[in-house]
Amino acid sequence: MAACAKHFPGLGGARHDQDKRNNRVGLSARRLRAEDYAPYRTLARRGIELVMTSTADYPALDRSRPAVFSPRILVDELRERVGFRGVTVTDSLGVESASRLGSPEARAVRAARAGNDLLLFASSYAAGVRGAEALAKRAPSDEALDRIEALRRAIR
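Residues numbered from 1 in each chain as written. Predicted model: local features only at pLDDT ≥ 70, side-chain atom pairs only at ≥ 80, totals over all residues. Heavy atoms only, no water.

Participant: Please give an account of the packing of aromatic side chains that cites residues and values.
Facilitator: Overall, the coordinates contain 2 aromatic pairs when judged by the stated rule. Ring geometry for F8 against Y40: centres 5.0 Å apart, planes inclined by 85°, an arrangement best described as edge-to-face. With F8 in strand 1 (residues 4-8) and Y40 in helix 2 (residues 38-45), the pair connects residues that are 32 residues apart, well separated along the chain. Residue F8 shares its accessibility class with Y40, and that shared class is buried. Ring pairing ties together the aromatic residues F8, Y37 and Y40, which thus form one cluster. (Phe/Tyr/Trp six-rings, centres within 6.5 Å; stacked < 30°, edge-to-face > 60°. Helix = DSSP H or I, 4+ residues; strand = E, 2+ residues; numbered from the N terminus. Buried < 20%, exposed > 50% of the residue type's maximum accessible area, 1.4 Å probe, protein only.)

Here you go:
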């Protein structure tokens, strides 16, 4: 078993349940980094193994896409700025805020390209199968495979 910190970059400024409705977190980048990132920085230093990415929109960090689909947020912010080295897992790619952005196949590929290591389709088995089939057609990054294998070894 591994603990999972969620939902990066943070839902402190969210107004809705992100499983039911899309959130737009209007906090400034400065405030997000100072306040919402604090627990993630602490956990990254302590070696947390998993971080779940948010499906909310954070226009101060990326104006064009939700966090779960944003390399700016997942790579530049979480990996580089926060220093997280473990495995990233998406929140469910079946929630409204994610599903509005295309087919399960498109969501799976976009999420993987953004820097997510594991993808979650919690609301539909069929959508998960479609997403997995789309991912099977492309090679995962060596870095993602290394992180996932390290996690597997750690929880055995």
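Participant: Which residues make up the nonpolar core, and what values go with them?
Facilitator: By size, the foremost hydrophobic cluster in this structure holds 19 residues, and its most contacted members are F8, L32, V51, Y58, L61 and V82. Among the elements of the structure, strand 1, helix 1 (29-36), helix 2 and helix 3 (71-82) are those that each provide at least two residues to this core. If one sorts the elements of this core by residue count, helix 3 sits on top with 3 residues. Those residues in contact with L32 that lie beyond four places of it in its chain are V25, L27, Y37, Y58 and L61. (Core = buried A, V, L, I, M, F, W, Y, C linked by side-chain atoms within 4.5 Å. Contact = heavy atoms within 4.5 Å.)

Participant: Which residues make up unusual backbone geometry, and what values do they have?
Facilitator: Here the amide bond leading from K6 into H7 is cis, since omega sits at 0°, within 30 degrees of zero. Across the junction of F8 and P9, the peptide omega takes the value 10°, indicating a cis bond. By the element assignment, P9 lies in the loop between strand 1 and helix 1.

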